[in-house]
Amino acid sequence: MTQVENKQATSDTPFVAIDKIVSLCKRRGFVYPNSEIYGGVAGIYDFGPLGVELRNNIRRYWWWSMVQLHDNVVGIEGAIITHPRVWEASGHVENFVDRLVDCKNCKRRFRIDHLPPENVVQNKCPVCGGELTEPRTFNLLMETYLGVVEGERMKTYLRGEACQNIYLDYDNVLKSSRMQIPFGICQIGKAFRNEVTPGNFLFRQREFEQWDLQFFVHPSEMQQWFDYWKEKRFEWYKGLINHKDRLRFRAHGPDELAHYAKQAFDIEYQTILGWQEWEGIHWRQDWDLSRHSLYSGQDLSYTDPNTKERYIPWIVETSGGVDRTFLNLLIDAYEEEPDPAGKESRTVLHLHPTIAPVKVAVLPLQKNKEELITTAKGIHEKLKRLMVAQYDDVANIGRRYRRQDEIGTPYCVTVDFQTLDDSTVTVRERDGMTQVRVHINELPMYLLERVTWH
Ligand code: GAP
């Protein structure tokens, strides 16, 4: 498979502080706090003009890799609200809980599973050493109500994990497509959790987006497909990042497995916050289809068309977060490069060109030369039909390059005096800051080859 491969070398560069990413995101229009004029809501964010472009690129690349390139995988898009019985069957009403303690002294709140073991044993706050309260249990599902008349309203939930729609639609997909086991269903969609300790910017939110593959197999082939997708997903993330040594697998211990999983591996990425989960690969076995068969009374077993064997398919799940990908890619890409001439350092996002929100900026060398402006605007008009392109003639050329570096634009096209003589432009590449001359007629193909995946 030809796919995105970010070529930046692995390095010992220090971890970037999350505050720098938060500040860049706000300043340049990637991410804003939700309802900011009312003081904001913890764990909920909006995405700005550059953020939405970046998210769309990340989503499209996942869809292309998972659905378009696999003949045995199809996609769906399910609703956020489902029948409330779904969440009883899934086990979330009973098991989707966090256990919390509060510090009696500093009033900080902690999830027990996030505390160092010695603090749990000694019942001590990890920040101030104060005494902790008895643990309390909270369910993470977000409740909502359908209907308008009091007394007739039905309580249900915003989906706590997006993948449930896939089990609900599994039988419809089988009957309406030509899929046979082994096959997979993909979905990208919002999930909602009443996280009691949201934080670390986009890392733990209350409204977020997940991408899931649920791959349905015969039990005898479970191990083989589990291994296949585990490797595939690891390589996918590795291809997108610069710091390849900051990615690893971690197996879940028996005490941390989710209620539906018999085995699980996290793909983890290392940041200033330590090693953190990016995506989970879960051995869900027959949990989901058995439970939904039981609770709905519908038989969700599968009959092999060749052998006539009847069985409940087992499921390999790969479940990751669009928002964590967004955040990790920004962290991975961010660099403050010292200027060799000892002047201003440059902030640059080494995002892969195919993922970068803006692909190219078209810049006339000077603003006061009419011919340069007209030519640059003409080039911009053509390029913007093919890719996200910006036109910028404000400030000196160095400043404009820096502005584009900071948002990760991989190429800047400069229209200069030579352009007026021979119809070539300067194409400046973001990471190495190298410059080549390209004929205007060849520019679209030159850029498309470098900014699209294929
Ligand atoms: N269906 C399985 C499932 O939901 P999970 O480990 O709870 O598993 C999968 O979630 C992925 O969703 C995580 O690896 C993470 O990338 C993302 N995710 C989970 N909770 C999140 C939150 N509160 N905020 C942002 N992303 C989250």
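Residues numbered from 1 in each chain as written. Predicted model: local features only at pLDDT ≥ 70, side-chain atom pairs only at ≥ 80, totals over all residues. Heavy atoms only, no water.

Novice: What's the story with helix H10 (residues 370-383) in this structure? I'm lost.
Specialist: Over its 14 residues, H10 runs 20 Å from end to end, which matches the ideal 20 Å to within 8%, given 1.5 Å per residue. For H10, the full list of buried residues reads Leu372, Ile373, Ala376, Ile379, His380 and Leu383. For H10, the angular spread of the buried residues around the axis is 135°, confining them to a single face. Exposed side of H10, more than 90 degrees from the buried face: Glu370, Glu371 and Lys382 are the residues found there. (Helix = DSSP H or I, 4+ residues; strand = E, 2+ residues; numbered from the N terminus. Expected span 1.5 Å × (residues − 1). Buried < 20%, exposed > 50% of the residue type's maximum accessible area, 1.4 Å probe, protein only. Arc of directions from axis to C-beta.)

Novice: Looking at this model, I keep getting lost on the pattern of salt bridges. Mind explaining?
Specialist: Proximity of charged atoms lets side chains of opposite charge pair with each other. Summed over all chains, the structure comprises 35 salt bridges. Between Glu161 and Arg284 there is a salt bridge; the shortest N-O distance is 3.1 Å. Remark: Arg284 occurs in strand S13 (residues 274-285) and Glu161 occurs in the loop between strand S8 (154-158) and helix H6 (164-176); sequence separation between them is 123 residues. Judged by its relative accessible area of 3%, Glu161 is buried. Classification of Arg284 by relative accessible area gives buried; the value is 0%. For Glu207, the salt bridge goes to Lys190, with nearest N and O atoms at 2.9 Å. A residue pair is termed long-range when its members are at least 10 positions apart, and Glu207 in strand S10 (residues 207-217) and Lys190 in strand S9 (residues 183-192) qualify at 17 residues. Classification of Glu207 as partly exposed rests on a relative accessible area of 27%. (Salt bridge = Lys/Arg side-chain N within 4 Å of Asp/Glu carboxyl O.)

Novice: What's the story with the site of the ligand in this structure? I'm lost.
Specialist: Contacts to the ligand come from 22 residues, most closely from Glu161, Gln205, Glu277, Trp278 and Glu317. Phe203 is positioned such that a nitrogen or oxygen atom in its backbone is 3.2 Å from a nitrogen atom of the ligand. Separating a nitrogen atom of the ligand from a backbone N or O atom of Gln205 is a distance of 2.8 Å. Secondary structure elements with two or more residues in the shell around the ligand: S10, S13 and strand S16 (314-321). At six residues, the largest contribution of residues to the shell around the ligand is made by S13. Residues that form the shell around the ligand fall into these classes: six nonpolar, seven polar and nine charged. (Near = heavy atom within 4 Å. Polar contact = N/O pair within 3.5 Å; in protein donor to acceptor, adjacent residues only side chain to side chain. Nonpolar A, V, L, I, M, F, W, Y, C, P; charged D, E, K, R; others polar.)

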